[in-house]
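What the coordinates show
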Amino acid sequence: MKHLERLCAAVAELPSSEPTDPDTRCDPEILRSLPGIGPIVLAALLSEAPEAVRRRDANALRALSGVEPVTRRSGKQYIVAMRQSCPHRLRTAVFHWARTAVLQDFHSRNRYSDMRKQGHSHARALRSVGSRLIGVACAMLESGELFDKDRMPQVLAA
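Each chain carries its own residue numbering, running from 1 in the written order of its sequence. A pLDDT threshold of at least 70 governs which residues receive local features in this predicted model, and a stricter bar of 80 or more applies before side-chain atom pairs are shown or counted, although totals over entire chains, interfaces and linings include all residues. Excluding hydrogens and water, the side-chain values take into account all heavy atoms of the structure.

Another aspect to go through is the overall build of the protein chain. Runs of E in the DSSP output that reach at least two residues are strands. Runs of H or I that reach at least four are helices, and both are numbered from the N terminus. Helices and strands together make up the secondary structure of the protein chain, namely eight helices and two strands. Scanning the protein chain from its N terminus toward the C terminus, one meets helices and strands in the order α-α-α-α-α-β-β-α-α-α. Looking at the protein chain as a whole, 35% of its 158 residues are labelled buried. The contacts in the protein chain between residues at least 6 apart in sequence include a share of 59% that link residues at least 24 apart. Summed over all atoms, the accessible surface of the protein chain reaches about 10100 Å², with 54% contributed by carbon and sulfur. For the exposure calls, accessible area comes from a 1.4 Å probe over protein chains only, and a residue counts as buried if that area is under 20% of its type's maximum, exposed if over 50%, partly exposed in between. The criterion used for residue contact is that any of the two residues' heavy atoms lie within 4.5 Å. Accessible surface area values rest on a Shrake-Rupley calculation with a 1.4 Å probe, where residue burial reflects the displayed protein chains alone.

As structure tokens, then:
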């Protein structure tokens, strides 16, 4: 664990190939500021889905981590199921990230309890929280901001 922590710190200190201003932060620093992300989850995100993180592609990251459901349609049948085809390490890391965030973050806890009140299972509710956290992470990576627990989540206009 200590060795992984040192590696994450070393990656955060690597010089960028792009000229940037001194106020910008690197991806590991931004991701590490999110609730529930420790060295193992950070390492899984950066090693299993580096291209999606680099492109800030939330949809690709959701699909790779298994939190995006799969819709199967055939004639009269319409089935929404859990995505099975994804890297196991990344799926486990995002599941753990969501589980820990529910304990640490007010908004994640509310999302989880809303899903449970709607009758969803524990795992389905955590996948929903994970999907939200991936969206937040990609937005933070695009803006270069660290996580602010007091910031109100944006509500999509209908």
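For helices, the axis comes from a line fit to the C-alpha atoms of the stretch in contact; other axes are also lines fit to C-alpha atoms, and the angle between any two N-to-C directions lies between 0 and 180 degrees. Running from N to C, helix 6 (residues 88–104) and helix 8 (residues 122–143) cross one another at 90°; their axes reach a closest spacing of 8 Å. With respect to their mutual orientation, helix 6 and helix 8 come out roughly perpendicular. Residues V94, F95, W97, A98, R99, A101 and V102 of helix 6 pack against A123, L126, V129, G130, L133, I134 and A137 of helix 8. Counted by class, the contact of helix 6 with helix 8 contains 12 nonpolar, one polar and one charged residues. For this classification, under 35 degrees means roughly parallel, over 145 means roughly antiparallel, 65 to 115 means roughly perpendicular, and everything else is oblique. For this classification, Asp, Glu, Lys and Arg are treated as charged, while Ala, Val, Leu, Ile, Met, Phe, Trp, Tyr, Cys and Pro are nonpolar and the rest, including Gly, are polar.

Honestly, it's all geometry; don't read function into it.
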